[in-house]
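These are the residues of each chain, in order.
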Amino acid sequence: MTKTFKNAVLDDQALIEGLKSINPAWGDMTVRVAGEAWGMPLIDQKTKALISIAIDQMALNVTGEGNPFGAHVDMALKQGATYAELEELILFASAYTGYNKGATTMGALNKIRHERGDF
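What you see is a predicted model, and the numbers here were worked out from it, not measured in a lab. (Residues numbered from 1 in each chain as written. Predicted model: local features only at pLDDT ≥ 70, side-chain atom pairs only at ≥ 80, totals over all residues. Heavy atoms only, no water.)

Here we look at a nonpolar patch on the surface
So, step 1. Together, Ile22, Trp26, Met29 and Val33 give the surface a local cluster of nonpolar side chains, amounting to about 410 Å² of exposed area.
So, step 2. Of all the elements, helix α2 (residues 24-38) adds the most residues to the nonpolar patch, at three residues.
So, step 3. Secondary-structure assignment places tryptophan 26 in helix α2.
So, step 4. Classification of tryptophan 26 as partly exposed rests on a relative accessible area of 37%. (Patch = residues over 30% accessible without salt bridge, like charges linked within 9 Å, V, L, I, M, F, W, Y side chains within 5 Å. Areas by Shrake-Rupley, 256 points an atom, 1.4 Å probe, with all protein chains shown as cover. Salt bridge = Lys/Arg side-chain N within 4 Å of Asp/Glu carboxyl O. Helix = DSSP H or I, 4+ residues; strand = E, 2+ residues; numbered from the N terminus. Buried < 20%, exposed > 50% of the residue type's maximum accessible area, 1.4 Å probe, protein only.)

Notes on helix α1 (residues 13-22)
So, step 1. For α1, every residue scored as buried is listed here: Leu15, Ile16 and Leu19. Down the axis of α1, the buried side of the element spans an arc of 100°, and every buried residue falls inside it. Within α1, the exposed residues directed more than 90 degrees away from the buried face are Ala14, Glu17 and Ser21.
So, step 2. Summarising the contacts, the buried residues of α1 are in contact with α2 and α4 (69-78).
So, step 3. Taking the backbone nitrogen of alanine 14 as reference, a side-chain oxygen 3.3 Å away marks aspartate 12 as the first, capping residue of α1. (Arc of directions from axis to C-beta. Contact = heavy atoms within 4.5 Å. Polar contact = N/O pair within 3.5 Å; in protein donor to acceptor, adjacent residues only side chain to side chain.)

Some words on the nonpolar core
So, step 1. Counting residues in each nonpolar core, the largest one holds 24 residues, and the members touching the most others are Ile53, Phe69, Val73, Met75, Leu86 and Leu109.
So, step 2. Looking at this core, the elements that each hand over two or more residues are α1, α2, α3 (45-59), α4, α5 (83-97) and α6 (99-116).
So, step 3. Leaving out residues up to four positions away in the same chain, leucine 109 has contacts with Phe69, Val73, Tyr83, Leu86, Glu87 and Ile90. (Core = buried A, V, L, I, M, F, W, Y, C linked by side-chain atoms within 4.5 Å.)

Focus: the UniProt feature "domain: Carboxymuconolactone decarboxylase-like" (unreviewed entry) in the protein chain
So, step 1. Summarizing the sequence annotation, UniProt attributes the feature "domain: Carboxymuconolactone decarboxylase-like" (unreviewed entry) to residues 24-109 in the numbering used throughout.
So, step 2. Within residues 24-109, the helical portion is 77% and the strand portion 0%, while the C-alpha atoms at the span's ends are 28 Å from each other. (UniProt positions renumbered as here; feature names shortened; annotations may be inferred.)

Focus: the packing of aromatic side chains
So, step 1. Applying the stated criterion to the full structure yields one aromatic pair.
So, step 2. Residues phenylalanine 92 and tyrosine 96 carry aromatic rings whose centres are separated by 5.5 Å and whose planes lie at 50° to one another, so their mutual orientation is tilted. Of this pair, phenylalanine 92 and tyrosine 96 both sit in helix α5, four residues apart, roughly one helical turn.
So, step 3. On the accessibility criterion, phenylalanine 92 (54% relative accessible area) is exposed.
So, step 4. Judged by relative accessible area, which is 62%, tyrosine 96 ranks as exposed.
So, step 5. One Lys or Arg, arginine 113, reaches over the ring of tyrosine 83 and ends 4.2 Å from the middle of that ring. (Phe/Tyr/Trp six-rings, centres within 6.5 Å; stacked < 30°, edge-to-face > 60°. Lys NZ or Arg CZ within 6 Å of the ring centre and 35° of its normal.)

What follows is the structure, encoded as structure tokens:
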């Protein structure tokens, strides 16, 4: 995934449709609020995506119904991140979030990769 967006939320129609499919009103609000946050100019889109993944790991919000981890992985890949960078991020974040959260997050990333045949 190498297509980069100026705004990883507002410029990704598939993401917008996915959010709105959860619930139209919730999706609309999420797109507006997240789009504004992702539109802030000082931190680049790839870094924001990597930060989102680290936050997912910290909150252990990487598995289960409605978790945002897969969308954040997609955002990072679309902004030019590699799986190697995502793995290093998870390793780095494990020192701060705990190794159990790191193991769960790495497992979730591995599952995504296997489902997509990206190994």
